[in-house]
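Spelled out from the first residue to the last, the chains are:
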Amino acid sequence: MTDWIHAGTWEDLQEQGAKVIKGGIAVFVHADEVYAVDNRCPHMGFPLHMGSLCDGILTCHWHHARFDVCSGGTLDPWADDVPVHRVKVEQGSVWVDPRPQVASSVEKQLRRLREGMEQNLSLVIAKSVVALVEAGVPAADIARVGVDFGTTYRSAGWSSGLTILAAMVNVLPKLDKYGRILALYHGLARVARDCAGQPARFLQQPLPETEQQATEHLSAWYRRCIEVRDIRGAERVLASAIASGMEPNELMSMMMTAVTDHFYMDGGHTLDFHNKAFEILQHIGSDSAVRVLSSLVPLPARAARSEELQHWQSPVNLVDPLREAFRELESITWSAVETPASTEDTPEQAEEEEQQLLALLLGDQPLQTIEALTNALRSGRSPVRLAQLVALAAAERITRFHTQNEFGDWITVLHTFTHAHAVHETLRRSANVFTVRAIYYAAVTVYLDRFLNVPAARRPSGEHAEANPNSTDPGWLLKLLDRQQQVAESGEWLAQYLRQNGDIDALFNTLGHALLREDAEFHSYQMYEAASAEYDRWDAESGPLAAQAKQTMLLALTRYLAAHSPTARELPHTARIAWRLHRGEKLFEE
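Residues numbered from 1 in each chain as written. Predicted model: local features only at pLDDT ≥ 70, side-chain atom pairs only at ≥ 80, totals over all residues. Heavy atoms only, no water.

As annotated in an unreviewed UniProt entry, the protein carries the name Rieske (2Fe-2S) iron-sulfur domain and comes from Paenibacillus dendritiformis C454. Under the UniProt heading Cofactor (unreviewed entry), the entry covering the protein gives this text: "[2Fe-2S] cluster". (UniProt positions renumbered as here; feature names shortened; annotations may be inferred.)

Here it is in structure tokens:
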């Protein structure tokens, strides 16, 4: 009995009714029985010994959560079960085992996370994420719960919440521990919100196996089904392709070919969502491939097709020149490497050519741009490198976006950039004559966005960094973003920070918290992830263009976040509650 805690005599406890003993355990005498539970209400930590016990139900007086005092089970799923402790009465003395009867476990927390998603309970999701991260559970295992849930309980298929979750898993290395908790929580909570009240999805089965399975026809069949918006047919062909053992890059090539058969589908979201689905599969494993990839099928089948839109055909006909360029692509063999392929060019010459192409992309001559892209591929330039340059041009549009434009047009330039980034990432994994078409769609959209740089915002220089005592403090940026529309101010601060050689890792962590402390809209998550990834690609290089590109990514990201801050911050407030509860803080005290 040496490990047990003496709670007092039977008579004293019967007289007191409730008592708190060592270890934060509440002991109750009720109906001639003794019970012991953790004194912290599992909902928000209020002392349960101050509650009411009637007919075996212990009620917390803060939010009226109810618990079976014997088992600890709650009648209110939003509250969690309270841990119970064994009790012994020997020779008139009451003893309590300090160890809870059912200890918390990873399996329990994973189950609780799924329950929180099923009922769309943000605090339950947050508490589970905190506990799992603190227990050292890999982020992929936590994200897998959300991916499996989000691709099962939403009949419409892949959602923006799943895209947010995939993006946040990608950026976890940029964040500190609390930032990682916030990132996973934001993604999981958004998936739960997307699925709330939605019917489940039912998977199509593969075609029956035969000795001569026509796997070589599956890509053509899938493409045809998407063309005529046949969702069920496409799902079954896809299931058959996966069952046949088709490699991930082959699957990606098949699906992205269908996506790029039409121009800039659904404002770029269709290709971006496909890319994110393949990225999350790299994290959680291919066991979820059927459910994840089949959830994408409704997107291209239902998407708007930009070649049908007026501004792609008038006043400049962009559709016919693009189709002519695509016919030429069939006779071109390009380089698989990401840097300029020509061995005759010096690094300086190659960079000058890329600067010229960048200027053309940002100009107002779309037919020349289309021709230049085709010529670059014909001369041996890598499509991956061209996609990287187009993404840089799209980021420059955000950097030079003037606040005199309508506020909603931030999303217009954002769509182009995140689509261009998705094209870049897609081609790094799987490039063919069809998926390369997406480079042209992104380039034309950069052209169509040109009026949002008229007038063009001044690119900040940071020339007076030495005069600003806060120019090396990343925390100052968070203070700046506590005020609305600090777009120019935050851009100038960033330029000063870079001029002072500020810590880039600390900056990305701060920008991550600037995002995750807000009730961010969908596109802000996309912006942080895409800018971070593109920065890292350029960071592997040296030279003036790489330096300019890295600054452009940071300026675009900072200005975009500044334009969309602050918000009510309800979502991160819930995460902060969960974090404080895990640390044992008393929320009910000042």
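Additional details are given in the paragraphs that follow.
Turning next to the overall build of the protein. The secondary structure content of the protein amounts to 24 helices and nine strands. For the protein, the spread of C-alpha atoms along the principal axes amounts to about 95 × 75 × 40 Å. Here the protein holds 590 residues, and the buried ones make up 55% of them. Within the protein, counting contacts between residues at least 6 apart in sequence, those at least 24 apart form 72% of the total. Entry remark: accessible area of the protein is about 25,100 Å², with carbon and sulfur atoms responsible for 49%. (Helix = DSSP H or I, 4+ residues; strand = E, 2+ residues; numbered from the N terminus. Buried < 20%, exposed > 50% of the residue type's maximum accessible area, 1.4 Å probe, protein only. Contact = heavy atoms within 4.5 Å. Areas by Shrake-Rupley, 256 points an atom, 1.4 Å probe, with all protein chains shown as cover.)

The description of two helices packed together rests on the angle between their axes and the distance between the axes. Across the interface, helix α21 (residues 504–516) lies against helix α23 (residues 544–563) with an axial gap of 10 Å and an inter-helix angle of 25°. It follows from the interaxial angle that α21 and α23 lie roughly parallel. By crossing handedness, the relation of α21 to α23 is classed as left-handed. Listed contacts from α23 to Ile504, Leu507, Phe508, Leu511, Ala514 and Leu515 of α21 are Leu554, Leu557, Thr558 and Leu561. Broken down by class, the residue content of the contact of α21 with α23 amounts to nine nonpolar, one polar and no charged. (Axes fitted to C-alpha atoms, helices over the stretch in contact; angles between N-to-C directions. Parallel < 35°, antiparallel > 145°, perpendicular 65-115°, else oblique. Left-handed = near helix turned anticlockwise from the far one by under 90°. Nonpolar A, V, L, I, M, F, W, Y, C, P; charged D, E, K, R; others polar.)

This brings us to the environment of proline 98. Along the chain, proline 98 turns up in strand β9 (residues 93–100). Judged by relative accessible area, proline 98 falls into the partly exposed class, the value being 34%. Taking the C-alpha atoms as reference points, proline 98 and proline 138, separated by 40 residues in sequence, lie 30 Å from one another. In contact with proline 98, not counting residues within four places along its chain, are Asp3, Trp4, Ile5, Ile25 and His85.

Across the sheet, which stays open at both edges, the six strands sit in the order β1-β9-β8-β4-β3-β2 with antiparallel pairing between neighbours. Among the strands making up the open sheet, the edge pair consists of β1 (5–9) and β2 (18–21). For this sheet, the mean inter-axis angle between neighbouring strands, taken without regard to orientation, is 30°. (Pairing = 2+ DSSP bridges.)

With that out of the way, let us pick up the UniProt feature "domain: Rieske" (unreviewed entry) in the protein. Mapped onto this structure's residue numbering, the UniProt feature "domain: Rieske" (unreviewed entry) falls at residues 5–96. As annotated, residues 5–96 comprises 8% helix and 45% strand, and the C-alpha atoms at either end are separated by 5 Å.

This brings us to helix α3 (residues 122–134). Its 13 residues give α3 an end-to-end C-alpha distance of 18 Å, which sits within 8% of 18 Å, the value for a rise of 1.5 Å per residue. Counting buried residues along α3, eleven of its 13 residues qualify, which places the element largely inside the surrounding structure. Listed in full, the buried residues belonging to α3 are Leu123, Val124, Ile125, Ala126, Lys127, Ser128, Val129, Val130, Ala131, Leu132 and Val133. Buried residues in α3 make contact with α2 (106–118), α4 (139–150), α6 (177–195) and α24 (570–582). (Expected span 1.5 Å × (residues − 1).)

What follows deals with the pattern of salt bridges. Under the defined criterion, the tally for this structure stands at 33 salt bridges. For arginine 517, the salt bridge goes to glutamate 518, with nearest N and O atoms at 3.7 Å. Of the two residues examined, arginine 517 and glutamate 518, each falls in the buried class. Through salt bridges with shared partners, a single network forms among Asp80, Arg112, Glu115 and Lys127. (Salt bridge = Lys/Arg side-chain N within 4 Å of Asp/Glu carboxyl O.)

Across residues other than glycine, the phi torsion is negative in most instances, and most of the peptide bonds are trans. In this structure, the amide linkage connecting valine 454 to the following residue, proline 455, adopts the cis form with an omega of -5°. Within the fold, proline 455 resides in the loop between α18 (437–448) and α19 (474–480). Between serine 565 and proline 566 the backbone carries a cis peptide bond, its omega angle lying at -10°. Inspection of the secondary structure puts proline 566 in the loop between α23 and α24. The residue arginine 229 is not glycine, and still its phi comes out positive at about 60°.

Turning to helix α7 (residues 218–227), its buried residues are Leu218, Tyr222, Cys225 and Ile226. Along the axis of α7, the buried residues cluster in a sector spanning 95°; they form a single face. For α7, the secondary structure elements touched by its buried residues are α8 (231–243), α9 (248–260) and α12 (298–302). Phi turns positive, to about 60°, at arginine 229, one or two residues after α7. (Arc of directions from axis to C-beta.)

Right, let's get into the pairing of strand β3 (residues 25–30). Within β3, six of the six residues are buried, which leaves the element mostly enclosed by the surrounding structure. With burial as the criterion, each face of β3 is covered, one bearing Ile25, Val27 and Val29 and the other bearing Ala26, Phe28 and His30. Alignment of β2 against β3, held across four bridges, turns out to be antiparallel. Residue pairing across strands places isoleucine 21 opposite isoleucine 25, the latter belonging to β3. Linking β2 to β3, which pair antiparallel, is a turn of three residues; within it glycine 23 sits at a positive phi near 90°. The pairing of β3 with strand β4 (residues 33–38) spans six bridges and is antiparallel. Each residue of the ladder has a partner; that of phenylalanine 28, found in β4, is tyrosine 35. Between the antiparallel neighbours β3 and β4 lie two residues, among them alanine 31 with a positive phi of about 55°.

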